[in-house]
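# An overview of the molecular structure
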Amino acid sequence: MRTWVTGLCLFLATALAAGVPARADTADPKAVKIYIMIDVPDLTNLGALDRWYMTYHSQQMHRAMRAWQKNYLSYRSYIVPNDVARRYHVWRGRMTEIYYDSLGDFAEGRRNNPLVDMLDPPPGGWADRSFARSQPVIVPVNPQQVYLQGRVPPKETPYFRWVIYLRYPAGVSEAEGDKWLLGTHVPEMAKVPGLRRYFGYRTLEDPATAAEKLAPDNRPRYGRVEELWFDDYRAWRKAFVDTPPAFTKPAWGGEFPYVDYISTFIGENPDVDFLNDKRVIP
């Protein structure tokens, strides 16, 4: 085991230094994080979302789950132009991540927990999706697939992370979708100019958290999360808007990215750390 781990670390270190594609799968992940993508359709409500989220919801949720939570961070998403938001199904609001030692800890914290049912609703109530909507997924803390592990040294401005929840279109099996995604699309995407890092998660479960009340969805869960890093918005825009690449379409056709998806843009650092009760510099 030690030899295998050492070899893997050396391989990833070499890939990191060279900025070349790498692949490492975690068959049995332990620690997990809840990704919660939050959208505010009317951007003038961003302040109202923050007041409710930071003053009430985050504090009440942590009070209910503090015995199990290991980290509780939130990122202000980048407000990209409306045409880009429409084209790439971009949610503009927040992206929150909450860490647990295991999926079992997350489940135990919610089981018979009376405080989870006592959360103050957002303005307009849980059902008012015109104010805010959210979509949670559970993934391992570290991605199962690393497609491109490029260098991301410290720099003056934040990196530009594109986080995508995806599921295959109706009628496309997971096996068929994965064969195209991993065998054809990922190798092509890894060559996009300006791409710094690129990795993927397979979601572990469709969580039933309180945040899900903002966006009830009875369709199949988002089975994958993909994440792509660029230096900044200009680098991302050059790659996908100004000079979009030509990808090989899957058998089911459609428009890039050829799947049912939502996405958001965030930096590498959160702007609020709820467990330490402090604002930080993104």
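Residues numbered from 1 in each chain as written. Predicted model: local features only at pLDDT ≥ 70, side-chain atom pairs only at ≥ 80, totals over all residues. Heavy atoms only, no water.

### Observations regarding the overall build of the chain
Scanning the chain for helices and strands turns up six helices and 11 strands. Taken across its 282 residues, the chain has 49% of its residues classed as buried. Counting only contacts in the chain whose residues sit at least 6 apart along the sequence, the fraction spanning at least 24 positions is 84%. A total accessible area of about 13,800 Å² is found for the chain, and carbon and sulfur atoms account for 54% of it. (Helix = DSSP H or I, 4+ residues; strand = E, 2+ residues; numbered from the N terminus. Buried < 20%, exposed > 50% of the residue type's maximum accessible area, 1.4 Å probe, protein only. Contact = heavy atoms within 4.5 Å. Areas by Shrake-Rupley, 256 points an atom, 1.4 Å probe, with all protein chains shown as cover.)

### Some remarks on the sheet that holds strand S3 (residues 93-100)
The strands that make up a sheet are held in pairs by hydrogen bonds between backbone atoms, and each pair lies either parallel or antiparallel. Spatial strand order, S4-S1-S3-S2-S10-S11: six strands in an open sheet with antiparallel pairing. Strands at the two margins of the open sheet, each flanked by one partner only, are strand S4 (133-140) and strand S11 (278-279). For strand S1 (residues 32-39) and S4, the ladder comprises eight bridges, and the chain directions are antiparallel. The residue bridging Val32 from the neighbouring strand is Pro140, located in S4. Against the sheet, helix H2 (residues 46-65) contacts S1, strand S2 (69-76), S3, strand S10 (272-273) and S11, and its axis sits at roughly 175° relative to S2. (Pairing = 2+ DSSP bridges. Axes fitted to C-alpha atoms, helices over the stretch in contact; angles between N-to-C directions.)

### A short note on unusual backbone geometry
The residue after Phe256, namely Pro257, is reached through a cis peptide bond having omega 10°. In the Ramachandran plot, His89 falls in the positive-phi region, its phi being about 50° despite a non-glycine side chain. With respect to the helices and strands, His89 occurs in the loop between helix H3 (82-87) and S3. The partly exposed category is assigned to His89, whose relative accessible area is 38%. Unusually for a residue other than glycine, Tyr258 sits at a positive phi of about 70°. With respect to the helices and strands, the residue Tyr258 is situated in the loop between helix H6 (233-242) and strand S9 (260-266).

### Overview of the nonpolar core
Counting 33 residues, the largest nonpolar core has Tyr88, Trp162, Tyr198, Leu228, Phe230, Trp236 and Phe240 as its most contacted members. At the level of elements, H3, strand S5 (145-149), strand S6 (160-167), helix H5 (174-189), strand S8 (224-230), H6 and S9 are the ones that each hand at least two residues to this core. Beyond its immediate stretch of four places on either side in the chain, Tyr88 contacts Trp162, Trp236, Phe240, Val241, Phe256, Tyr261 and Ser263. Judged by nonpolar contacts, the second largest core, of 26 residues, contains Trp52, Tyr53, Trp68 and Tyr100. (Core = buried A, V, L, I, M, F, W, Y, C linked by side-chain atoms within 4.5 Å.)

### Some details on the packing of aromatic side chains
By the definition in use, this model includes 30 aromatic pairs. Measuring from centroid to centroid gives 5.6 Å for Tyr88 and Trp162, while their planes differ by 90°, and the two rings are edge-to-face. Of the two residues, Tyr88 sits in the loop between H3 and S3 while Trp162 sits in strand S6, which places them 74 residues apart along the sequence. Ring centres of Trp180 and Trp252 lie 5.3 Å apart, and the angle between their planes is 75°; this geometry places the pair in the edge-to-face category. Placement of the pair is Trp180 in helix H5 and Trp252 in the loop between H6 and S9, with a sequence separation of 72 residues. (Phe/Tyr/Trp six-rings, centres within 6.5 Å; stacked < 30°, edge-to-face > 60°.)

Honestly, that's just the spatial picture; any functional story needs more than this.
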